[in-house]
Protein chains: 2
Amino acid sequence: MSLLVVGSIAFDTIQTESEIRHNLLGGSASYFSFAASLYTPVNLVGVVGKDFPQEFIDHYHNKGVDTQGLQIKEGETFRWWGKYSRDMNHRETIETKLNVFGTFDPIIPESYQSTPYVFLGNGLPSLQSKVLDQMTTPPKFVALDTMNLWIDTQRPALLDVLKRVNALFLNDEEARMLTGHNNLIQAGRKIMELGPEIVIVKKGEHGALVVSGEGLFITPAFPLESFSDPTGAGDSFGGGFMGFVAREDNTSFDTVKKAVLHGTVVASFTCEAFGTSPLENLKYETIEKRMDQFIQLAYVC
Amino acid sequence: MSLLVVGSIAFDTIQTESEIRHNLLGGSASYFSFAASLYTPVNLVGVVGKDFPQEFIDHYHNKGVDTQGLQIKEGETFRWWGKYSRDMNHRETIETKLNVFGTFDPIIPESYQSTPYVFLGNGLPSLQSKVLDQMTTPPKFVALDTMNLWIDTQRPALLDVLKRVNALFLNDEEARMLTGHNNLIQAGRKIMELGPEIVIVKKGEHGALVVSGEGLFITPAFPLESFSDPTGAGDSFGGGFMGFVAREDNTSFDTVKKAVLHGTVVASFTCEAFGTSPLENLKYETIEKRMDQFIQLAYVC
């Protein structure tokens, strides 16, 4: 089944101890789309400026991502510059220029309005609601990603949209911030009271925890021996997860568990090189191989 | 098969945001012994002062721990006072009084000198070597635990004893500190060059990573909804691991993986209440039940 993603598209500058890369294709919707397109057809909604090169649009098309919902506006594309600490465990934002993304008004093309699976990438909660308002057929499954900024400054709007989603993706700090619970299981249960049936806590290099009415599920991250750039790993995780769920057209807890492993494996590829290139060059057979390796590494049965 | 442990025995004061408990039975050898005794007979070598109550010695005996190697010296028992941050993620040492442990000279009773499985609890590396010198029959499997202090101040002696052990237990920070590698897999491989065939990196609430010539293995920690006191969790993990290996009398990689899960589950009980009491009251059937639960929570197959 097809999958709609609404989120940011950016030019990223990524700086590590040893390297700096400018003008990489980035943004939550880019990472998500490339990851999800390995599983299922993706409909993309986002905004870029007139400076966005056709070459980048071709990248989406090459992966079968539908860009009917991509708005090209007068002005410049969202720019983000992040710098990683030497041990890669901390990231500092050097510069954020929202540009056309600052006035983004997500318009869902008619042909997308019945997409059964929906991912609301990290963004203003009121706009996430606006996306759902435009769906003429109620989606089968809606997942939402958010961040500390919205928890802090847009809590009422966030609580509104949370009532309308099936799954929430957030990281461990955000789960604590949203609920006031330090314990992540307790935080997850508290979030379930706010609406989502499934809470997926992303713990970066420490894996993920799923809290749902049908039980808990935990997984470590795929252990990488070489690690270049974690930018977009969370969105790649979301893309692998949602892509798998949409492809299976099933949201049972068993499918959710497998989807978490797929998200984990897809995100591991993202970390192996800068930007979206590892995802763009990825073949499904390579995911399957790493999945077998992961089972080998992490499972005794 | 029986298992020898040499390590510290202490009176602990443990302080959290909401509680303080004084004069708990503590020390690496206590946690280790109670955990391992759930699997196999344990021979304990340690030192206490004249102030050490018979009641505490009875605790060891109740769990079938042999205390022939327990030295009772003129003076006071080792005392340690730790205080946890509100979120339990940081621990500050308020006070350490080594007392009789400061001049500890581990003497291995003749009846222990052929114990096939040996655990050298965290302590001065030269004393860990001295334990091995006294083994008249070469042990089948020796594991060692260490800490940042010895990596920093006793590196040559630590490197000496590492050449003589099969497995090293250490936490993620210590692995980085010992090797200079930030990546834990690379750190593990570097440690293997120093002697141990198996490196077990303890990541606390994030589980454990095993690096060995036969492959890698990762596991999350058992997710706990209520969490009281993580003191001794690492030693309980070691005790569960070594107890299992000694009971199976097998050190194949398959057994090592299962031992890691047993260590993980045993350590989870330690965190549920203060001090060693959760381990002392633990029944093997309860471990088995939680092991089934863990497989359910963490494994898709």
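Up top is the structure these notes are about.
Predicted model, so just to flag it, every value in this text is computed and none were measured.

Visitor: Which parts of the structure should I look at to understand the interface of chain A and chain B?
Guide: Where interface size is given, it is often the accessible area lost as the parts come together that is meant. Facing 29 residues of chain A, the contacting portion of chain B comprises 30 residues. Summed over both sides, the interface between chain A and chain B buries roughly 2700 Å², with carbon and sulfur atoms accounting for 59% of that surface. Linking chain A with chain B are 14 residue pairs in polar contact (both at pLDDT 80 or more). Every element with two or more residues in the side of chain A that touches chain B is listed here: helix H7 (184–193), strand S13 (215–219), helix H9 (253–270) and helix H11 (284–298) of chain A. The leading source of residues in the side of chain A that touches chain B is H11(A), at 5 residues. A per-class count over the side of chain A that touches chain B returns 16 nonpolar, 6 polar and 7 charged.

Visitor: Help me understand the sheet that holds strand S6 (residues 78–84) of chain A in this model?
Guide: Residue and element names in this part refer to chain A. Taken in spatial order, the 4 strands line up as S3-S2-S6-S7 in an open sheet, and their pairing is mixed. Among the strands making up the open sheet, the edge pair consists of strand S3 (20–26) and strand S7 (91–97). The average angle at which neighbouring strand axes cross in this sheet is 20 degrees, direction not considered. Here strand S2 (residues 10–15) pairs with S6 via 6 bridges, running parallel. The residue of S6 that forms the bridge with Phe11 is Arg79. Packed onto the sheet, helix H1 (residues 28–36) meets S2 and S3 and runs at close to 70 degrees relative to S3. Along the sheet face, helix H2 (residues 54–62) touches S2 and S3 and points at about 55 degrees away from the line of S3.

Visitor: Which parts of the structure should I look at to understand the side chain of B:Glu280?
Guide: All names here are of chain B. Residue placement: Glu280 occurs in helix H10 (residues 277–280). For the buried Glu280, which has no salt bridge, the nearest side chain bearing the opposite charge is Lys63, at an N-O separation of 7.2 Å. Leaving out residues up to four positions away in the same chain, Glu280 has contacts with Phe34, His59 and Lys63.

Visitor: How should the pattern of salt bridges be read in this particular structure?
Guide: Applying the stated criterion to the full structure yields 20 salt bridges over all chains. Between A:Asp160 and A:Lys163 there is a salt bridge whose closest N-O contact spans 3.5 Å. The class for A:Lys163 is exposed, based on a relative accessible area of 59%. Close ionic contact of B:Arg21 with B:Glu19 constitutes a salt bridge, the shortest N to O distance being 2.9 Å.

Conventions used here
- Residues numbered from 1 in each chain as written.
- Chains lettered and ligands numbered in written order.
- Predicted model: local features only at pLDDT ≥ 70, side-chain atom pairs only at ≥ 80, totals over all residues.
- Heavy atoms only, no water.
- Contact = heavy atoms within 4.5 Å.
- Buried area = accessible area lost by both parts, 1.4 Å probe.
- Polar contact = N/O pair within 3.5 Å; in protein donor to acceptor, adjacent residues only side chain to side chain.
- Helix = DSSP H or I, 4+ residues; strand = E, 2+ residues; numbered from the N terminus.
- Nonpolar A, V, L, I, M, F, W, Y, C, P; charged D, E, K, R; others polar.
- Pairing = 2+ DSSP bridges.
- Axes fitted to C-alpha atoms, helices over the stretch in contact; angles between N-to-C directions.
- Buried < 20%, exposed > 50% of the residue type's maximum accessible area, 1.4 Å probe, protein only.
- Lys, Arg positive; Asp, Glu negative; His and termini not counted.
- Salt bridge = Lys/Arg side-chain N within 4 Å of Asp/Glu carboxyl O.

Coordinates in, geometry out; function isn't part of it.
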